[in-house]
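# Structure at a glance
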Amino acid sequence: MMKKTNLRCLKWLPAAGAGILLSVCCPMLAFAAEEAETYTPDLYASCWALLPPVVAILLALITKEVYSSLFVGILIGGVFYSGFTFEKTVTHIFQDGIISVLADKYNVGILVFLVILGIMVCMMNQAGGSAAFGRWASEHIKSRVGAQLATILLGVLIFIDDYFNCLTVGSVMRPVTDKHNVSRAKLSYLIDATAAPVCIIAPISSWAAAVTGFVEGEDGLSIFIRAIPYNFYALLTIVMMVGMLLTKVEFGPMKRHEQNAKGGDLYTTPDRPYANAKERDEIVKTNGGVIDLIFPILVLIVGCVIGMLYTGEFFSGKSFVTAFSNSDASVGLMLGSFFAFIITVVFYAARRVLNFKDSMACIPEGFKAMVPAILILTLAWTLKSMTDSLGAAQFVAAVMASSAEKLVRFLPAIIFLVGCFLAFATGTSWGTFGILIPIVVAVFSGSDENMMIMSISACMAGAVCGDHCSPISDTTIMASAGAQCNHVNHVSTQLPYAVTAAAVSFVTYILAGFVQTAWIALPAGIVLMLAVLFVIKMMGGQTKE
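Every chain is numbered independently, its residues counted from 1 as its sequence is written. Side-chain atom pairs in this predicted model are given and counted only at pLDDT of 80 or more, local residue features only at pLDDT of at least 70, and totals for whole chains, interfaces and linings cover all residues. Values shown for side chains rest on all heavy atoms present in the structure; no hydrogens or waters enter the calculation.

Further remarks concern the overall build of the chain. In terms of regular secondary structure, the chain is built from 27 helices and zero strands. Burial statistics for the chain: of 545 residues in total, 53% are counted as buried. Sequence-distant contacts in the chain: of pairs separated by 6 or more residues, those separated by 24 or more amount to 80%. For every accessible area listed, the method is Shrake-Rupley and the probe measures 1.4 Å; residues are considered covered only by the protein chains on display. On the chain, roughly 22,900 Å² of surface is accessible, and the fraction owed to carbon and sulfur atoms is 69%. Strands here mean DSSP runs of E at least two residues long; helices mean DSSP runs of H or I at least four residues long; both are numbered from the N terminus. Exposure classes here rest on a 1.4 Å probe applied to the protein chains alone. A residue is buried below 20% of its type maximum, exposed above 50%, and partly exposed in between. Contact criterion: two residues are considered in contact whenever any of their non-hydrogen atoms come within 4.5 Å of each other.

Written out as structure tokens, the structure reads:
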């Protein structure tokens, strides 16, 4: 009997031990959590917070190697945060950085969307849809200029979301531009310049929804629409693209890429990370038709729009505009692309161009094609988390707030420059919106509405410009993936074009600060942009067809 009693007591020992352990550890865990919450690095909200992304960007441009450059930036951010201690550096980089960004549901949704798009592109190639479209385009598009104009037109038409824009335009137009010897670097630029710059002037887009969410206490959508004529960078970038094509102007590193492409070398540099993908794309069935490319893309567009409306509770009774403003782009794009994938599998099976087994075989192939973009995105997100933990946003916000009242007439131009730098350094345009727009609203709301509209537009334009230039921007990474171009090649060739558009936009914002109307400043900016292109052409920037 005594043994049974002892055995019963022994059964309770693990529970009792666990209780004692918890009673001892809980205060320690609470203390650790409290310490983690209250910990502030010595370099917090100082200019040093911007050093990690600056180092990463400079290294990427110098070494032409993006993975190690991004990691060096991450490492510097971790060292600054930890106060130069080894253990805290490692835990901050991996736990607060890489693991944290991969556990974020928004980021995971974007990665799933990216993988599904890669799979669908592979399916369209295997079904023969891309090849059929290439044959159709070869009959209707007769020149390099025509191929590039068609790329711009498609980019403008797909204005729902920049990620969707980059990958869809790239997969559709790549065979066409390859046939007409357009360099992959030029295709990347055309994709990137019609992604964010178009989305930021489209009232029905994920970007419009993001911006309206940051304008608290005001009619966000109305302000967004009124700010469109003042979004000089986006509008002048489109003018610049079309003007360069029609006048055959190329300059900077892009000129060499285009000259090499005319000789058959689409890449220029030895590093061709997507060469195998191109070889796989050429091994396709010949019984596919143009409908096998058009139908999946249309389903994808409709699916993504419905997905975004669903996340904004449109089907629960909210209005279309309200639902789109409140939508979750990540979840909406993920759901829309998933159902588009299912419908495409059934569609191909019904048409007998791709059976179920072949469709499933495209899953790993599509995933592998997107691995470079996924790696760069993950590292870029981690670098952003490092700059966030160092208070880069707070540093810029403090500088902005202190100078807001001193240079009122020049404020739109100053805000544009600050937005450019912040988005360039952090690789995020939406994050830049979130920092600058509330400051602008707080300064001008109820006092000078017209200046508030101009300044909000300058925030958006600067954020898009910096995002356009930055090698760690997710949109820039997506454009490289969509065109299947070396990422550093895309950044180095695009930078002179983006800087030119930014310089003209800066001058236009100075003019707008004084004339207080877009209907004088915008035409002046367009004339100035065309004049700059004319000067570049006279200085030897012209290429021959």
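So, on to the packing of helix α5 (residues 105-127) against helix α8 (residues 162-179). Two quantities define a packed helix pair, namely the angle between the helix axes and the distance between the axes. It is at 11 Å that the axes of α5 and α8 come closest, and there the two elements cross at 15 degrees. Accordingly, the angle class assigned to the pair α5 and α8 is roughly parallel. The two elements α5 and α8 meet at a crossing, and its hand is right-handed. For the pair formed by α5 and α8, the contact residues are Ile-110, Phe-113, Leu-114, Leu-117, Val-121 and Met-124 on the first element and Tyr-163, Phe-164, Leu-167, Ser-171 and Arg-174 on the second. For the contact of α5 with α8, the class distribution of residues is nine nonpolar, one polar and one charged. Axis definition: a line fitted to C-alpha atoms, over the contacting stretch in the case of helices. Angles run 0 to 180 degrees between N-to-C directions. Roughly parallel refers to an angle under 35 degrees, roughly antiparallel to one over 145, roughly perpendicular to one between 65 and 115, and oblique to any angle outside these ranges. We call a crossing left-handed when the near helix sits turned anticlockwise from the far one by less than a right angle, and right-handed when that turn is clockwise. Only Asp, Glu, Lys and Arg are considered charged, only Ala, Val, Leu, Ile, Met, Phe, Trp, Tyr, Cys and Pro nonpolar, and every remaining residue, Gly among them, polar.

There is about 550 Å³ of room inside the largest pocket. Lining residues are defined by having an atom within 4 Å of a point belonging to a cavity or pocket. Those points lie on a 1 Å grid over the protein atoms alone, cavities being sets where a 1.4 Å probe fits but cannot get out and pockets being open sets with protein on both sides within 12 Å along at least five of seven lines. Lining the largest pocket are 27 residues, with Tyr-106, Asn-107, Trp-381, Lys-384 and Thr-428 sitting closest to its centre. Residue assignment for the lining of the largest pocket shows that the elements contributing at least two residues are α4 (86-103), α5, α8, α20 (371-389), α23 (429-444) and α25 (474-483). Per-element accounting of the lining of the largest pocket gives the leading share, six residues, to α20. Class assignment of the residues belonging to the lining of the largest pocket gives a composition of 10 nonpolar, nine polar and eight charged. Grid points are joined across faces, edges and corners, and a volume is the space filled by probe spheres set on the points.

In this section: unusual backbone geometry. Positive phi values are uncommon outside glycine, yet Lys-248 reaches one of about 55 degrees. Checked against the element boundaries, Lys-248 lands in the loop between α13 (232-247) and α14 (253-262).

Attention now goes to the environment of Pro-229. Among the structural elements, Pro-229 can be located in the loop between α12 (220-227) and α13. Other than its neighbours up to four places away in sequence, Pro-229 contacts Leu-235, Ala-518, Trp-519 and Leu-522.

Mapped onto the elements, Gln-148 comes out in helix α7 (residues 144-157). A residue is classified by how much of its surface remains accessible, and Gln-148, at 2% relative accessible area, is buried. Throughout this description, a polar contact denotes any pair of N or O atoms lying within 3.5 Å of each other; where both atoms belong to protein, one of them has to be capable of donating a hydrogen while the other can accept it, and for residues adjacent in sequence the pair is counted only when both atoms sit in side chains. In terms of polar contacts, Gln-148 uses its side chain to reach the side chain of Lys-186, at 2.8 Å. Those residues in contact with Gln-148 that sit more than four places away from it in its chain are Val-182, Lys-186, Leu-190, Leu-245 and Glu-258.

Because the α-helix completes a turn every 3.6 residues, residues three or four places apart line up on one side. For helix α9 (residues 184-193), the buried fraction is high: 10 of the 10 residues fall into the buried class. When α9 is considered as a whole, its buried residues turn out to be Arg-184, Ala-185, Lys-186, Leu-187, Ser-188, Tyr-189, Leu-190, Ile-191, Asp-192 and Ala-193.

This part covers the nonpolar core. We call a set of buried residues a nonpolar core when its members are Ala, Val, Leu, Ile, Met, Phe, Trp, Tyr or Cys and they connect through side-chain atoms within 4.5 Å of each other. Ranked by internal contacts, the top residues of the largest apolar core, which has 139 residues, are Tyr-189, Ile-200, Tyr-233, Met-240 and Phe-416. For this core, the element with the most residues is α5, which contributes 14 residues. Each residue touching Tyr-233, except ones within four places of it in the same chain, is listed here: Phe-416, Ala-461, Val-464, Cys-465, His-468, Ala-498, Ala-501, Ala-502 and Ser-505. Counting nine residues, the second-largest nonpolar core is a separate cluster that includes Val-55, Phe-80, Leu-390 and Ala-392.

Okay, the confidence of the model for the chain next. Low-pLDDT stretches of the model should not have their predicted coordinates read in fine detail. The predictor attaches a confidence to each residue, and that confidence, scored 0 to 100, is pLDDT. Within the chain, residue pLDDT values average 80, and 81% of them lie at 70 or more. This stretch, residues 1-36, has a pLDDT under 50; its non-local contacts, to residues over four places away or in other chains, come to one contact. Across residues 278-284, confidence stays below pLDDT 50; counting only partners more than four residues off in sequence or on other chains, it has 15 contacts.

Time to look at the environment of Gly-170. Mapped onto the elements, Gly-170 comes out in helix α8. Residue Gly-170 is classed as buried on the basis of its relative accessible area of 0%. Here the alpha-carbon distance between Gly-170 and Gly-482, two residues 312 residues apart in the chain, equals 4.3 Å. Excluding its chain neighbours within four sequence positions, the residues that come into contact with Gly-170 are Asn-165, Ile-191 and Gly-482.

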